[in-house]
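# Close look at the chain arrangement
Residues per chain are reported as follows:
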Amino acid sequence: MNNNKFFFGVDIGGTATKLGAFNVDGLLLKKWEIQTDIAESGTRILPNVAKEILAFAQDLSHVAAVGVGIPGPVLHSGYVKRCVNLGWGDFNPARELSALLHGVPVFAGNDANMAAMGEYWQGGGKGAHNLVFLTLGTGVGGGVIINDHLVFGHAGLAGEIGHIVVNPDETIPCNCGQLGCLDQTASARGIVRRAELLLSTNSTPSVLRNAESLTARDVFDAAKNGDPIACETVRTCIGFLGKAMAMLTNILDPEVFIIGGGVSKAGEYLLNIAREKYEAMAVLSDQRAKVVLAELGNDAGIYGAAKLAMDSFQ
Ligand SMILES: [Zn+2]
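The paragraphs below set out a description of the structure included in this document. (Residues numbered from 1 in each chain as written. Predicted model: local features only at pLDDT ≥ 70, side-chain atom pairs only at ≥ 80, totals over all residues. Heavy atoms only, no water.)

### Here's the deal with helix α2 (residues 45–57)
Here α2 is 13 residues long and its end C-alpha atoms lie 19 Å apart, about the 18 Å a rise of 1.5 Å per residue gives. Burial in α2 covers these residues: I45, L46, V49, A50, I53 and A57. On an axial view of α2, the arc spanned by its buried residues comes to 130°, and they lie on one face. Facing away from the buried side of α2 by over 90 degrees, the exposed positions are K51 and A55. Where α2 is buried, its residues meet β1 (6–12), β2 (16–23), α1 (39–42), β4 (63–70), β6 (88–91) and α3 (93–100). Immediately downstream of α2, the backbone of Q58 shows phi near 70°, a positive value. (Helix = DSSP H or I, 4+ residues; strand = E, 2+ residues; numbered from the N terminus. Expected span 1.5 Å × (residues − 1). Buried < 20%, exposed > 50% of the residue type's maximum accessible area, 1.4 Å probe, protein only. Arc of directions from axis to C-beta. Contact = heavy atoms within 4.5 Å.)

Take a look at the structure:
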């Protein structure tokens with residue numbers, strides 16, 4: 001292939017859209033960010049992306065293919081039934097962007113799945129063929145790679161690990177309607193909620209009582225210093241992550257679990273708690289998966305989207 005051809009990875013979020021231009025060898029040449037204009041049902045989002053791609057490539061003949069990550073379920077065909085964050089519904093953004101780029105091949109996937117693909121290709125999962133990526137942010141998302149292929153699933157929902165039910169004692173419904181989802185406990189929101197619950201139901205002294213508005217980071221920092229309420233919060237919340245990993249091992253038997261998202265900044269401390277519970281519960285496996293941190297941070301999505309474009313194109 002011509003050396004001045006480019007692949008683009010695009011990660012469309014509710015407020016910002018990240019773009020990455022890669023050469024045919026997969027080297028990231030440039031990354032940048034634009035605002036996501038969600039006005040008028042998100043109709044300007046794709047034209048703005050097309051404009052950026054054209055501005056970089058100069059000529060559409062230099063664009064080999066484009067991959068796009070979208071914050072919602074995406075079918076393998078690129079079809080999106082509903083994407084609340086962007087105001088989209090019942091259309092195919094991959095086909096639409098391809099039309100705007102005069103027929104350049106465009107492939108789309110869910111944003112957490114794209115991040116999984118990025119980590120598989122250039123991050124914490126490099127060299128593995130079967131892996132599960134979990135992103136612990138405001139909520140919990142994920143992605144699954146089996147035999148070097150991203151799993152989309154029947155309705156684009158593969159990797160929605162946040163809504164596996166792990167906590168049988170939960171009394172408040174998740175935003176999906178179930179009780180006890182992983183999303184309700186191993187997310188930043190879930191960790192804060194658990195800490196607040198413990199603070200309100202017992203009188204143990206805790207530095208967390210002084211915090212003005214509690215964050216997951218406060219909880220981890222206090223736990224690392226031995227604060228009893230914080231320690232119990234983290235053990236419970238991240239214990240449920242380990243339990244989810246054991247459940248996933250019985251279904252998928254991955255080589256690696258990659259943990260990303262803002263909460264993963266707690267680092268090895270978090271991994272050790274997750275590992276302990278995972279290893280206690282993954283009773284069938286004598287070759288337990290490695291549990292590692294994600295390496296690409298916020299760039300995972302553009303890497304993964306570009307990789308999807310490269311793989312689909314060839
Ligand atoms: Zn749920």
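Having seen the model, we can carry on.
### A word on the packing of aromatic side chains
Counted by the stated rule, this structure contains 11 aromatic pairs. Taking 5.7 Å as the distance between ring centres and 85° as the angle between the ring planes, the aromatic pair formed by F8 and F56 counts as edge-to-face. Remark: F56 occurs in helix α2 and F8 occurs in strand β1; sequence separation between them is 48 residues. For F56, a relative accessible area of 22% translates into the label partly exposed. On the basis of an interplanar angle of 85° and a centroid distance of 5.1 Å, the ring pair of W88 and F91 is categorised as edge-to-face. On the basis of relative accessibility, which here comes to 5%, the residue W88 falls in the buried class. Through successive ring pairs, a cluster of aromatic residues spans F6, F8, W32 and F56. Positioned above the aromatic ring of W32, the side-chain terminus of K30 is 4.5 Å from the ring centre. (Phe/Tyr/Trp six-rings, centres within 6.5 Å; stacked < 30°, edge-to-face > 60°. Lys NZ or Arg CZ within 6 Å of the ring centre and 35° of its normal.)

### Some details on the side chain of N113
Note on placement: N113 falls in helix α4 (residues 111–122). Exposure remark for N113: the relative accessible area of 1% places this residue in the buried category. Among all residues touching N113, those that are not within four sequence positions of it are G142, G143, L150, V151, A158 and G159.

### Remarks on the pattern of salt bridges
Scanning the entire structure with this criterion turns up 8 salt bridges. Close ionic contact of R44 with D37 constitutes a salt bridge, the shortest N to O distance being 2.7 Å. For R44, a relative accessible area of 33% translates into the label partly exposed. In this structure, K307 and D311 form a salt bridge, with 3.0 Å as the shortest nitrogen-oxygen distance. Linking K307 with D311, this pair stays in helix α9 (residues 300–313), spanning 4 residues, or about one helical turn. Residue K307 is classed as buried on the basis of its relative accessible area of 15%. Residue D311 is classed as partly exposed on the basis of its relative accessible area, which comes to 34%. Shared partners join several salt bridges into a network, and the residues in it are D37, E40 and R44. (Salt bridge = Lys/Arg side-chain N within 4 Å of Asp/Glu carboxyl O.)

### Re the sheet that holds β4
Reading across the sheet, the 5 strands line up as β3-β2-β1-β4-β7 and stay open at both edges, with mixed pairing between neighbours. Edge strands, defined here as strands with exactly one partner in the open sheet, are β3 (28–35) and β7 (106–110). For this sheet, the mean inter-axis angle between neighbouring strands, taken without regard to orientation, is 15°. Sheet topology note: the β2/β3 ladder contains 7 bridges and is antiparallel. The partner of G20 across the bridge, within β3, is K31. Sheet strands in contact with α3 are β4 and β7, and its direction is about 150° off that of β7. Strands β1, β2, β4 and β7 of the sheet are contacted by α4, whose axis makes an angle of about 105° with β7. (Pairing = 2+ DSSP bridges. Axes fitted to C-alpha atoms, helices over the stretch in contact; angles between N-to-C directions.)

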